[in-house]
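Overview (structure and organization)
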Amino acid sequence: MRPLGLLRLLCLLCLTAAGCSDGPDSYGDDPADLQLPPRGTADFLAWVEEGHYLAWSCEAEAHPPRPRSGHGRNRICSNDALAAAATGEGPYPVGAAAVKEVLDDAGGIRLYAVYRKVEAGDGGDSWYWFEGSRDRVVANGEGDGTCTGCHASAPRDFVFTVVPAS
Ligand code: HEC
């Protein structure tokens, strides 16, 4: 292949990869479901900023990142499906989800992290993962490798924390 051809190919590959890591803005999920964060950057951020997850089971206060955490100071909320499955075994049910507020030094929300079980069974692909803010998207997609590598070491089905229903 001519050098210019190779350069073009490499460029195309890297553009495609960058596009993939941002993921889509919408998956067409229903944003009116207060228990189920819609997937996709635009849909999720609009939904989370409306604060529906604050009616879930939430930690009373923010805490420093726990051991092995890839996150900063944070506060976690579990939805009803996740909280209800807290004492079971094996994979969590489809529809289980958590939202994490990651805070800045002044205590404001710097970004959100979320996962949502989208398929029955094991594996990082059975969860949708998103982390980011309006300025920057770190992860957006099923089985996103930025998240699954570390969450695979969680005690049960990629979940570190379940906030029990109060
Ligand atoms: C290096 C390890 C690591 C990486 C990488 C990581 N996490 Fe986490 N995550 C943790 C740990 C440990 C916790 C437990 C609580 C904490 O962070 O203080 C956690 C907590 C969470 C929670 C709250 C619910 C729970 O199970 O505790 C969500 C949601 C979450 N992570 C999403 C993500 C997403 C989305 C990504 C990818 C962008 C990601 N995480 C990357 C280690 C990691």
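Structure: above.
A brief report on the enclosed structure follows. Since the model is a prediction, treat every value here as computed from it, not as a measurement.

Regarding the site of the ligand
With respect to spatial proximity, 26 residues lie near the ligand, and among them His71, Tyr115, Cys147, Cys150 and His151 are the closest. Measuring from an oxygen atom of the ligand, one finds a side-chain N or O atom of Tyr115 at 2.5 Å. With respect to the pocket detection grid, the ligand is positioned in the largest pocket. Elements supplying a minimum of two residues to the shell around the ligand: β2 (74-78), β3 (97-103), β4 (109-117), β5 (127-132) and α4 (145-151). Per-class residue counts for the shell around the ligand are 14 nonpolar, eight polar and four charged.

A word on the sheet that holds β5
Pairing is antiparallel across the open sheet formed by six strands, whose spatial order is β1-β2-β3-β4-β5-β6. Single-partner strands in this sheet number two, and they are β1 (57-58) and β6 (137-142). Relative to β3, β2 runs antiparallel, the two sharing five bridges. Across the sheet, the residue bridging to Ile76 is Lys100, located in β3.

Comments concerning unusual backbone geometry
Within the chain, Arg68 stands out as a residue other than glycine whose phi angle is a positive 70°. Within the secondary structure layout, Arg68 lies in the loop between β1 and β2. Although it is not a glycine, Phe158 adopts a positive phi angle of roughly 75°. Inspection of the secondary structure assignment puts Phe158 in the segment after α4.

Things to note about the nonpolar core
Counting residues in hydrophobic clusters, the biggest one holds 13 residues, and the most contacted among them are Phe44, Trp47, Val48, Tyr53, Trp56, Val99 and Tyr112. Among the secondary structure elements, those contributing two or more residues to this core are α2 (41-49), β3, β4 and β5. Tallying contributions element by element places α2 first for this core, with four residues. Not counting residues within four places of it along the chain, the set of residues in contact with Trp56 comprises Leu34, Gln35, Pro37, Trp47, Cys77, Ser78, Asn79, Ala97, Ala98 and Val99.

Observations concerning the state of the cysteines
Scanning all chains against the criterion turns up one disulfide. Across the disulfide from Cys58 sits Cys77; the S-S distance is 2.1 Å. Looking along the S-S bond of the Cys58-Cys77 disulfide, the torsion reads about 110°, which is the right-handed sense. Taken together, the residues span a long stretch of sequence, with Cys58 in strand β1 and Cys77 in strand β2 at a distance of 19 residues. Accessibility expressed as a relative area gives 0% for Cys77, which makes it buried.

Notes on the environment of Ser126
Inspection of the secondary structure puts Ser126 in the loop between β4 and β5. On the basis of relative accessibility, which here comes to 1%, the residue Ser126 falls in the buried class. Sequence separation of Ser126 and Gly143 is 17 residues, and the distance between their C-alpha atoms is 6.9 Å. In contact with Ser126, not counting residues within four places along its chain, are Arg116, Lys117, Val118, Glu119 and Gly121.

Side note on the pattern of salt bridges
This model, assessed by the stated rule, comprises seven salt bridges. Here Glu101 ties to Arg75 by a salt bridge, and the two come within 3.1 Å at their closest N and O atoms. Placement of the pair is Glu101 in strand β3 and Arg75 in strand β2, with a sequence separation of 26 residues. Look at the salt bridges and you will find they share partners, linking Asp29, Arg39, Arg116 and Glu142 into a network.

Rules used throughout
- Residues numbered from 1 in each chain as written.
- Predicted model: local features only at pLDDT ≥ 70, side-chain atom pairs only at ≥ 80, totals over all residues.
- Heavy atoms only, no water.
- Near = heavy atom within 4 Å.
- Polar contact = N/O pair within 3.5 Å; in protein donor to acceptor, adjacent residues only side chain to side chain.
- 1 Å grid on protein atoms, 1.4 Å probe; cavity = no way out; pocket = protein on both sides within 12 Å on 5 of 7 lines; lining within 4 Å.
- Sits in = over half its atoms within 2 Å of the grid points.
- Helix = DSSP H or I, 4+ residues; strand = E, 2+ residues; numbered from the N terminus.
- Nonpolar A, V, L, I, M, F, W, Y, C, P; charged D, E, K, R; others polar.
- Pairing = 2+ DSSP bridges.
- Core = buried A, V, L, I, M, F, W, Y, C linked by side-chain atoms within 4.5 Å.
- Buried < 20%, exposed > 50% of the residue type's maximum accessible area, 1.4 Å probe, protein only.
- Contact = heavy atoms within 4.5 Å.
- Disulfide = S-S within 2.5 Å.
- Salt bridge = Lys/Arg side-chain N within 4 Å of Asp/Glu carboxyl O.

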